[in-house]
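Chain by chain, the residues run as shown.
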Amino acid sequence: MSSLPKTMKAVQIEKTGGTDVLQYKTDVPVPEPKEGEVLVKNDYIGINYIDTYFRSGVYQPPSFPYILGREGSGTIAAVGPNVPSDLSVGTRVVYMGQYAYAEYTPVTSNYTVPIPDSIDTKTAAASVLQALTAVTLIRDAHPVKKGEWVLVTAAAGGVGLWLCQLLKAVGAHVIATASTEEKRALAKENGAEVVLEYHEEDRDVFVKKVLEITGGEGVHAVFDSVGKSTFDSSLAVVRRKGTMVSFGNASGPVTGLALARLSPKNAKLLRPTLFNYIATREELQEAATELWKFIEKDGLKVKIHDVYPLSDVVRATQDIESRKTTGKLVLKP
Ligand code: NDP
């Protein structure tokens, strides 16, 4: 630890609230890695919509002050006791965990993987959480088969663009929803076959269109990250014995669902989180290897919306919450 500085730049909150609770600090103590942890000197930090839930109070931070951020990439600067031998000082890694909005982040080795030489640290930080979410959704939540029809909401967002590309790569037909013409065009460029507006105000229009496209049957699966405002129309277009995967709350959480609503079509309903699909290091490594293969062999790409200096965290957060971004937002410490 001797070559490390004593303090670092970081973004923390002392309470939940609007973007005014975000504090950019330059004198936060550099943490020491504990048992099973590595300390990563971040090159890039990925912004995820979940960061806004921890800031706003939709999800509760474990304690205050709390450094936001769930993923980053960089180089291991120090290791704690009992860390796997493939993670040593100097190794280029990408990780998922907590406290990423900082120059240095302590992370459990369970959620840290070396980056292959062919992949740069910006791509890795911009990909891992959203892309692995998409990989596990199409593999574990609803194992998508070639030829299936799948609805993806917020299709031009971070996870959405990965879903469009991955679903196309496995031979599924994607119906994508997004709020603007520009976003819908981007979803199409990334593999969506059909793009639609949400029609939140008139669900029947939306449902009728999806039924027409799918020969009256509805889709085999929906991957819905918008939550409250789209849940009803998403469930309405699931076919008999189809799967409704609700995996996000961008418009607010879905609450108070009567289970009997699943009966008319014997639909399956899941509310999964990435971390329960990659709970062990082996599971993470396996999913990451799949992702690297999709990037290296199938040519899947991450669209980076913008790289913001860490000190510009308020602007970056306002941008993602304003719905005007497409693809991935990244911070540079
Ligand atoms: P995005 O880049 O997709 O940004 C969120 C998008 O949601 C917006 O661009 C917008 O797209 C859409 N949206 C719809 N309604 C609203 C609203 N009222 N306010 C703001 N945005 C809205 O973010 P991410 O890719 O980081 O995450 C996408 C979703 O996936 C989030 O809900 C996130 O929580 C979830 N997620 C879940 C995980 C899990 O393990 N379950 C893991 C990772 C992400 P448009 O304008 O086109 O509607």
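All values reported here derive from a predicted model rather than from experimental measurement.

Cut-off values and rules
- Residues numbered from 1 in each chain as written.
- Predicted model: local features only at pLDDT ≥ 70, side-chain atom pairs only at ≥ 80, totals over all residues.
- Helix = DSSP H or I, 4+ residues; strand = E, 2+ residues; numbered from the N terminus.
- Rg over C-alpha atoms; globule rule 2.2 N^0.38 Å.
- Buried ≥ 20, exposed ≤ 12 C-beta atoms within 10 Å, placed from the backbone.
- Contact = placed C-beta atoms within 7 Å.
- Core = buried A, V, L, I, M, F, W, Y, C linked by C-beta atoms within 7 Å.
- Near = placed C-beta within 6 Å.
- Nonpolar A, V, L, I, M, F, W, Y, C, P; charged D, E, K, R; others polar.
- UniProt positions renumbered as here; feature names shortened; annotations may be inferred.
- Pairing = 2+ DSSP bridges.
- Expected span 1.5 Å × (residues − 1).
- Arc of directions from axis to C-beta.

(A) Highlighting the overall build of the protein. Along the backbone of the protein there are eight helices and 16 strands. On C-alpha atoms alone, the protein measures out to a radius of gyration of 20 Å, which is about the 20 Å that the 2.2 N^0.38 rule sets for 333 residues. Taking all 333 residues of the protein together, 47% fall into the buried category. Counting contacts in the protein only where the partners sit at least 6 residues apart, residues at least 24 apart contribute 66% of the total.

(B) How the structure looks around the nonpolar core. Ranked by size, the top nonpolar core spans 101 residues in total, and within it Y101, L132, V150, L163, C164, A176 and V219 carry the most contacts. The element contributing the most residues to this core is helix α2 (residues 121–141), with twelve residues. Setting aside its immediate chain neighbours within four residues, A176 contacts V152, A155, C164, R184, A187, A192 and V195.

(C) Molecular detail of the site of the ligand. What surrounds the ligand is a group of 30 residues, the closest being G157, G158, S179, S225 and G248. Of all elements in the fold, only α1 (49–56), α2, α3 (158–169) and α8 (313–321) reach the threshold of two or more residues within the shell around the ligand. Looking at the shell around the ligand residue by residue, the class counts come to 13 nonpolar, 14 polar and three charged.

(D) Examining the UniProt feature "domain: Enoyl reductase (ER)" (unreviewed entry) in the protein more closely. Sites flagged by UniProt as "domain: Enoyl reductase (ER)" (unreviewed entry) map to residues 17–331. Span residues 17–331 is 29% helix and 26% strand, its end C-alpha atoms 21 Å apart.

(E) Seen up close, the environment of G327. Of note, G327 is situated in the loop between α8 and β16 (328–332). Among residues more than four places away in sequence, those in contact with G327 are G158, L161, V302, K303, I304 and H305.

(F) Seen up close, the pairing of strand β1 (residues 7–13). Burial runs high along β1: five of the seven residues are buried. Sheet topology places β1 next to strand β2 (residues 23–29); five bridges connect them, and they run antiparallel. When the sheet's bridge partners are listed, Q12 is paired in β2 with Q23. Pairing analysis gives two bridges linking β1 to strand β4 (residues 66–67), with the strands arranged antiparallel. Bridged to I13 within β4 is Y66.

(G) Representation of helix α7 (residues 281–296) within the structure. When the terminal C-alpha atoms of α7 are compared, their 22 Å separation across 16 residues agrees well with the 22 Å that a helix rising 1.5 Å per residue should span. Those residues of α7 that sit buried are L284, A287, A288, L291, F294 and I295. For α7, the arc enclosing every buried residue in end-on projection is 115°, short of the 170-degree limit, so these residues lie on one face. Along α7, exposed side chains directed more than 90 degrees from the buried face belong to E282, T289, K293 and E296. Buried positions along α7 lie against β8 (112–114), α2 and α3.

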